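Notes for the structure review
Residues per chain are reported as follows:
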Amino acid sequence: MTTEDPGQRASDADRDRVAAIIAEGLATGRLTTAEHADRLEATYGAVTMGELVPITKDLPSTVANAAPADVGRKNITAAFSKVIKNGRWVPGRHLRLRARFGALIIDLSGAVLPGREITVDISAAFSKVIIRVPDNANVIDDGSAVFAKRVVSGGEKDDGPVIRVTGNAAFSKVIVSRKVWDPNLRG
């Protein structure tokens, strides 16, 4: 990736192109998972085009201009089961959580968020969904509940990512918070 002016501000599309190149580097064995995660974090933290150039300098650019599907969307489903997702991972700009007679425990506090805003779309029926957000997250709740408990907290701070929670819960419990929880606890 080259640019005439390295001081020019990078767009989301520019960052997505770089993410596609490093994803290809991981898929072809040129990068380890740790290197991929480090470079992905640097990619989505880059402000200028000049900051993006060194991220892919040692990788071939064999990827088309379109961003890979997993950069934009990620689906996590629990049906009659319990799914826990934590540690260092990339949730996607649009994270769809589906729970049917199960439990989803999602920790975004250690995740590499792909951009300043992500949407978490929840569809829960007879289930439990627990989401831990980063300490500095701005959480916006645009969801609904029918015969369910829905507790969404996270406050508003100027410096953190925006996490928009949408979707609905029926006969379920949805908790979105900054609190630390133990995924090995029953519930």
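This text goes with the structure placed above it.
Residues numbered from 1 in each chain as written. Predicted model: local features only at pLDDT ≥ 70, side-chain atom pairs only at ≥ 80, totals over all residues. Heavy atoms only, no water.

1. Some words on the overall build of the protein
- Within the protein one finds four helices and eleven strands.
- Every one of the 187 residues in the protein was classed for burial, and the buried ones make up 44%.
- Considering only intrachain contacts with a sequence separation of at least 6, the fraction spanning at least 24 residues in the protein is 62%.
- When the accessible surface of the protein is totalled, it reaches about 9800 Å², and 51% of it is carbon and sulfur. (Helix = DSSP H or I, 4+ residues; strand = E, 2+ residues; numbered from the N terminus. Buried < 20%, exposed > 50% of the residue type's maximum accessible area, 1.4 Å probe, protein only. Contact = heavy atoms within 4.5 Å. Areas by Shrake-Rupley, 256 points an atom, 1.4 Å probe, with all protein chains shown as cover.)

2. Observations regarding the packing of aromatic side chains
- In this structure the tally under the stated criterion is four aromatic pairs.
- An angle of 5 degrees between the planes, with centres 4.9 Å apart, marks the rings of F101 and F126 as stacked. Pair noted here: F101 is in the loop between β3 (94–100) and β4 (103–107) and F126 is in the loop between β5 (117–125) and β6 (128–132), with a separation of 25 residues, a long-range link.
- We classify F101 as partly exposed; its relative accessible area is 45%.
- Exposure remark for F126: the relative accessible area of 44% places this residue in the partly exposed category.
- Seen from their ring centres, F147 and F171 are 5.2 Å apart, and the 10 degrees between their planes marks the pair as stacked. Placement of the pair is F147 in the loop between β8 (144–146) and β9 (149–152) and F171 in the loop between β10 (162–170) and β11 (173–177), with a sequence separation of 24 residues.
- Classification of F147 as exposed rests on a relative accessible area of 66%.
- Exposure remark for F171: the relative accessible area of 46% places this residue in the partly exposed category.
- Aromatic rings pair up to connect F80, F101, F126, F147 and F171 into one cluster. (Phe/Tyr/Trp six-rings, centres within 6.5 Å; stacked < 30°, edge-to-face > 60°.)

3. Here we look at unusual backbone geometry
- Positive phi, normally seen in glycine, also occurs at F80, with a value near 55 degrees.
- Checked against the element boundaries, F80 lands in the loop between β1 (73–79) and β2 (82–85).
- Residue classification places F80 among the exposed residues on the basis of a relative accessible area of 68%.
- Despite not being glycine, F101 shows a phi value in the positive range, around 55 degrees.

4. A few points about the pattern of salt bridges
- Inspection of every chain in the model, using the stated rule, returns twelve salt bridges.
- A salt bridge links D121 to R98, with the nearest nitrogen and oxygen atoms 2.9 Å apart. Within this pair, whereas D121 is found in strand β5, its partner R98 is found in strand β3, the two being separated by 23 residues in sequence. When sorted by exposure, D121 lands in the same class as R98, which is buried.
- The salt bridge involving D142 is made with R164; its shortest N-O contact spans 2.9 Å. Taken together, the positions of D142 in the loop between β7 (138–141) and β8 and R164 in strand β10 put the pair 22 residues apart, joining distant regions of the chain.
- Overall, the relative accessible area of 44% leaves D142 in the partly exposed class. (Salt bridge = Lys/Arg side-chain N within 4 Å of Asp/Glu carboxyl O.)

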